[in-house]
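# Per-entry structural report
Spelled out from the first residue to the last, the chains are:
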Amino acid sequence: MDPPSVLFHHPLSFSSQIVRLAAAECAVTIALVDVDIGAGHENYAPWYVAINPDAVVPTLMDNGNTITDCVRISRFLDSTSGGEVLTPDSPDERGIAAYWIDRQQGIRERELSYGMAKGVAGRFVRLELNRRRRLLERRKRQNPSLAARYDAKLRDLARWQKHLQDPAARQTVIDEAVRGIADLERHLAGRKYIAGDRYSLADVVWTVLLARVTMLGEEDWFSPSKCPNVSGYFRRMSQRPSFALAPVYTQLPKRILFRTMMHAHGNNVALVALSASTLLLLLRQVLV
Ligand SMILES: N[C@@H](CCC(=O)N[C@@H](CS)C(=O)NCC(=O)O)C(=O)O
C-alpha cells in the first residue's frame, strides 16, 4: 500500500481549509504537517520555499510529486479518490462549477482578511508585515540559490502593503466579496448545490469563503433577511460531517492561536516568565 499523501498546511489558513474539506468529502486520508505561517514564518524557511516557490500553504507531497495551489490539490485528491465525487457529471454542470470556483478564487481573501482586522489586532498584523520584509531579505542573503523566489515574495509583500494602506483599494476588495455573495444568492434560487444536484468542488470553496466571512464578523453580508438562499445554503453545508472533520473554522480557536504564539515566541515567553519570577523573588527579599 502507498504511504498517504502529506499536506503541509496551517489549521487556520483559508487555502488549507479548502484542501482539508475536499479531502474529507472525498474520504481521502492525508497526513497533516503544520507549517507556522504566523509569527514563526516557517513558510519562508529555505526547505519550504524549495518545495513551494510562492512560500504559501498548502503544499501536497504525493509519491515524490509536489503539488501546490488549493484548487489543483483538491482536483488531484478528487481524481485519485476513485470516484471523482467533487466533479459534476455533465459538461454543462462542470462548466458551472468551474465558473463559481473561479469567482470564489477571484475574491482576494488575504487582502480581505488582513484589511478587515480591526483595532489593535489590525494595527498589529499590518505592522507585522514589516517584520516579514526584514526576514525575507535576510533569508534571501543567506540562500542565494533561492534569491529569485525570495525576490518574488518581497515584490508580492510590497504590493500587499501598498494595498493595505489604501482605504479605497480595501473597500474594492470588500465590494468584490459582497458582490460575489449577492450573485451567488441569485444563482442558488431553487438550487441545493452550486452545480447540479450534488455536492462539488464549487461548494467546497464557497463553504470555506462563507466560513471566513463569518470569522471576520461579517456574517451579516449573507443574513437570512438579505440573502436567504446563501444563509440557508451555508447552514446546510456547515452541517455536513466534512465541515467538522476538516475542520473549517468560523471562529479563531484560542488553542491554535496560543500554540502558534508559543511555537514562534516560545523562548521569549519562557524568558519573560523567568525574568518576572526572578524579579518577584528579589522584591520579596527587599520587602520582607
Ligand atoms: N493560490 C494559493 C494561495 C495560498 C495562500 O495564499 N496561502 C496563504 C494562507 S491561506 C499563505 O500561506 N500565506 C502566507 C504568506 O504569504 O506568507 C493556493 O490556492 O493554495
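Relevant structure appears above.
Note that this is a predicted model, so its numbers are computed, not measured.

### Observations concerning helix α4 (residues 91–105)
- Spanning 15 residues, α4 covers 21 Å between terminal C-alpha atoms, matching the ideal 21 Å at 1.5 Å per step.
- Here α4 has its buried residues at Ile-96, Ala-97, Trp-100, Ile-101, Arg-103 and Gln-104. Projected down its long axis, α4 shows its buried positions confined to an angular sector of 160 degrees, all on one face. Those residues of α4 that are exposed and angled more than 90 degrees off the buried face are Pro-91, Gly-95 and Asp-102.
- Taken together, the buried residues of α4 touch α3 (70–80), α8 (167–187) and α9 (201–215).

### What about the nonpolar core?
- Of all hydrophobic cores here, the largest spans 58 residues; its most connected members are Ile-18, Ala-22, Ala-202, Val-205 and Val-208.
- The greatest single-element share of this core, amounting to 10 residues, is contributed by α9.

### Observations concerning the packing of helix α1 (residues 14–26) against α9
- Contact pair α1 / α9: the axes reach a minimum separation of 9 Å and the direction vectors enclose 135 degrees. With respect to their mutual orientation, α1 and α9 come out oblique. For α1 against α9, the interelement crossing comes out right-handed. Between α1, through Phe-14, Gln-17, Ile-18, Leu-21, Ala-22 and Glu-25, and α9, the contact on the second element is made entirely by Leu-201, Val-204, Val-205, Thr-207, Val-208 and Arg-212.
- Per-class residue counts for the contact of α1 with α9 are 8 nonpolar, 2 polar and 2 charged.

### Side note on unusual backbone geometry
- Looking along the chain, the bond that leaves Val-57 and enters Pro-58 is cis, with omega of 5 degrees.
- Summarising the element assignment, Pro-58 is placed in the loop between α2 (46–51) and β3 (59–62).
- Here Ala-246 and Pro-247 are connected by a cis peptide whose omega angle stands at -20 degrees.
- Positionally, Pro-247 belongs in the loop between α11 (241–245) and α12 (254–287).
- The backbone of Ala-55 sits at a positive phi, close to 55 degrees, despite the residue not being glycine.
- Judged by the 24 C-beta atoms lying within 10 Å of it, Ala-55 falls in the buried class.

### Describing the sheet that holds strand β2 (residues 30–34)
- In space, the 4 strands of this open sheet follow the order β2-β1-β3-β4, with mixed pairing throughout. Edge positions in the open sheet fall to β2 and β4 (65–68), since each of these has one partner strand only. Going from strand to strand, the sheet's axes swing by 25 degrees on average, the running direction of each strand aside.
- Looking at chain direction, strand β1 (residues 5–9) and β3 are connected through 3 bridges and run antiparallel. Bridge pairing in β3 places Leu-7 opposite Leu-60.
- Where α3 meets the sheet, it contacts β3 and β4, and its direction lies at approximately 125 degrees from that of β4.

Conventions we followed
- Residues numbered from 1 in each chain as written.
- Predicted model: local features only at pLDDT ≥ 70, side-chain atom pairs only at ≥ 80, totals over all residues.
- Helix = DSSP H or I, 4+ residues; strand = E, 2+ residues; numbered from the N terminus.
- Expected span 1.5 Å × (residues − 1).
- Buried ≥ 20, exposed ≤ 12 C-beta atoms within 10 Å, placed from the backbone.
- Arc of directions from axis to C-beta.
- Contact = placed C-beta atoms within 7 Å.
- Core = buried A, V, L, I, M, F, W, Y, C linked by C-beta atoms within 7 Å.
- Axes fitted to C-alpha atoms, helices over the stretch in contact; angles between N-to-C directions.
- Parallel < 35°, antiparallel > 145°, perpendicular 65-115°, else oblique.
- Left-handed = near helix turned anticlockwise from the far one by under 90°.
- Nonpolar A, V, L, I, M, F, W, Y, C, P; charged D, E, K, R; others polar.
- Pairing = 2+ DSSP bridges.

In short, shape yes, function no, at least from these values alone.
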